[in-house]
Amino acid sequence: MTTQLPSPNSLKLDWQHWLGSWDRQQSGYLPDRELRFQVMLDTVSYLLPESFTAIDLACGPGSISQRLLNRFPQANCIAIDYDPVLLAIGQGVLSTMGDRLRWVEADLTQGSWVESVGEASVDVVLTTTALHWLPIDKLVNLYQQLGQIIRPGGLFLNGDHLYFPPYLSTFQRLGKLAQTQQEEQAFSVQKQQDWQQWWQAIAQEPELKDLLVERNQRFQPRFTEHEPTLAIHEAALQEAGFREVSTIWQRFADRILLAVR
Ligand SMILES: C[S@@+](CC[C@H](N)C(=O)[O-])C[C@H]1O[C@@H](n2cnc3c(N)ncnc32)[C@H](O)[C@@H]1O
């Protein structure tokens, strides 16, 4: 796709530290993050055979891949992201997974990401806290592509904030209040490291300097968040050929959406 990723082996870093601090930082925003992963993987265990191929979409440093491959010894996973820093951390920590885990560097707003996967079809695509980065038209395109790469009977699981519609204004307010309170508790009261501080700490790592420069070039112009409602996700997935779509877990606006192809 773009520049070649430097091999994490050539960098002298405590990768485990960075994955651990990533997970803690993300949990500050999502107190039920581990439970949400668990429900997603429980769903996979109930609905798929023991041997399957998964995609960890917008994987970051591979938090889903790590949990999935540990839990399902016969599964393979393809982890896709466009952030060279997060990919390097994931590769550094999860190198022990061998050929059960393959990393793909690709921009999900470009249709060509599907070819980079190198598989005609997969059994399940999982994604967390990520698709709100995509503008709605790109999200709809992505769902169309998932409708093609996920085999009939396969699954798509999206754990993210999937918002209430404007006419449910009290629900919308409730979702925002819950989020604000949670973040205040984690970052102001408990003084946990937040997103910005985590990236500031990364910037102090000389070994990661080049990757960080590359990351900022890729993402700087589009560090905006989008808030498509749950109904938009559901409609776009149905339009993409998913025959059953519904929420299977929820905490305010934070949900897991399951779509069956
Ligand atoms: C908040 S992180 C979540 C990462 C991981 N799924 C987790 O739950 O820890 C959002 C991820 O989406 C990725 N992302 C955002 N836009 C992307 C794009 N256009 N192509 C590929 N990845 C993208 C970011 O690089 C980042 O890794």
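Described in the following lines is the structure provided in the data block. (Residues numbered from 1 in each chain as written. Predicted model: local features only at pLDDT ≥ 70, side-chain atom pairs only at ≥ 80, totals over all residues. Heavy atoms only, no water.)

What follows is about the side chain of Asp 194. Here Asp 194 lies in the loop between α7 (169–189) and α8 (195–203). No salt bridge is formed by the buried Asp 194; its nearest oppositely charged neighbour, Lys 191, is found at 11 Å. From its side chain, Asp 194 meets the backbone nitrogen of Gln 196 in a polar contact 3.2 Å long. Ignoring any residue separated from it by four or fewer positions in sequence, one finds Asp 194 in contact with Gln 25, Tyr 29 and Phe 187. (Helix = DSSP H or I, 4+ residues; strand = E, 2+ residues; numbered from the N terminus. Buried < 20%, exposed > 50% of the residue type's maximum accessible area, 1.4 Å probe, protein only. Lys, Arg positive; Asp, Glu negative; His and termini not counted. Salt bridge = Lys/Arg side-chain N within 4 Å of Asp/Glu carboxyl O. Polar contact = N/O pair within 3.5 Å; in protein donor to acceptor, adjacent residues only side chain to side chain. Contact = heavy atoms within 4.5 Å.)

Before going further, it helps to examine the site of the ligand. Around the ligand, 22 residues are found, and the nearest of them are Arg 33, Asp 81, Asp 107, Leu 108 and Thr 128. Separating an oxygen atom of the ligand from a backbone N or O atom of Gly 60 is a distance of 3.4 Å. In the environment of the ligand, an oxygen atom lies 2.7 Å from a nitrogen or oxygen atom belonging to the side chain of Thr 128. Taken by itself the ligand offers 590 Å² of open surface, and the protein chains cover 98% of this. Per-class residue counts for the shell around the ligand are 11 nonpolar, 6 polar and 5 charged. (Near = heavy atom within 4 Å. Areas by Shrake-Rupley, 256 points an atom, 1.4 Å probe, with all protein chains shown as cover. Nonpolar A, V, L, I, M, F, W, Y, C, P; charged D, E, K, R; others polar.)

With that out of the way, let us pick up the sheet that holds strand β4 (residues 122–128). Read from one edge to the other, the open sheet built from 7 strands follows the order β3-β2-β1-β4-β5-β7-β6, with strand pairing classed as mixed. Two strands in the sheet have a free side with no partner beyond their single neighbour: β3 (101–105) and β6 (244–251). Taken over all neighbouring pairs, the strand axes of this sheet differ in orientation by 15° on average, direction set aside. Relative to strand β7 (residues 254–260), strand β5 (residues 150–161) runs antiparallel, the two sharing 7 bridges. Looking at the pairing, Gly 159 lines up with Ile 256 of β7. (Pairing = 2+ DSSP bridges. Axes fitted to C-alpha atoms, helices over the stretch in contact; angles between N-to-C directions.)

Further remarks concern the side chain of Thr 127. Counting through the fold element by element, Thr 127 comes out in strand β4. For Thr 127, the contacting residues outside a window of four places in its chain are Met 40, Leu 57, Ala 58, Ile 64, Phe 156, Leu 157, Asn 158 and Gly 159.

Turning our attention to the packing of aromatic side chains. Scanning all chains against the criterion turns up 13 aromatic pairs. A ring pair is formed by Tyr 82 and Phe 219, whose centres lie 5.9 Å apart and whose planes are at 70°; its orientation type is edge-to-face. You can see Tyr 82 sitting in the loop between β2 (76–81) and α4 (84–93) and its partner Phe 219 sitting in helix α9 (residues 209–219), a full 137 residues away along the chain. In this structure Tyr 82 comes out as buried when scored by relative accessible area, which is 13%. An aromatic cluster is defined as three or more aromatic residues linked by ring pairs; in this entry it consists of Trp 18, Trp 22, Tyr 82, Trp 133, Trp 195, Trp 198, Trp 199 and Phe 219. (Phe/Tyr/Trp six-rings, centres within 6.5 Å; stacked < 30°, edge-to-face > 60°.)

Residue placement: Gln 197 occurs in helix α8. With relative accessibility at 37%, the residue Gln 197 sits in the partly exposed group. Sequence spacing of Gln 197 and Gln 25 is 172 residues, and the spatial spacing of their C-alpha atoms is 9.1 Å.

Just geometry here; none of it tells us what the structure is for.
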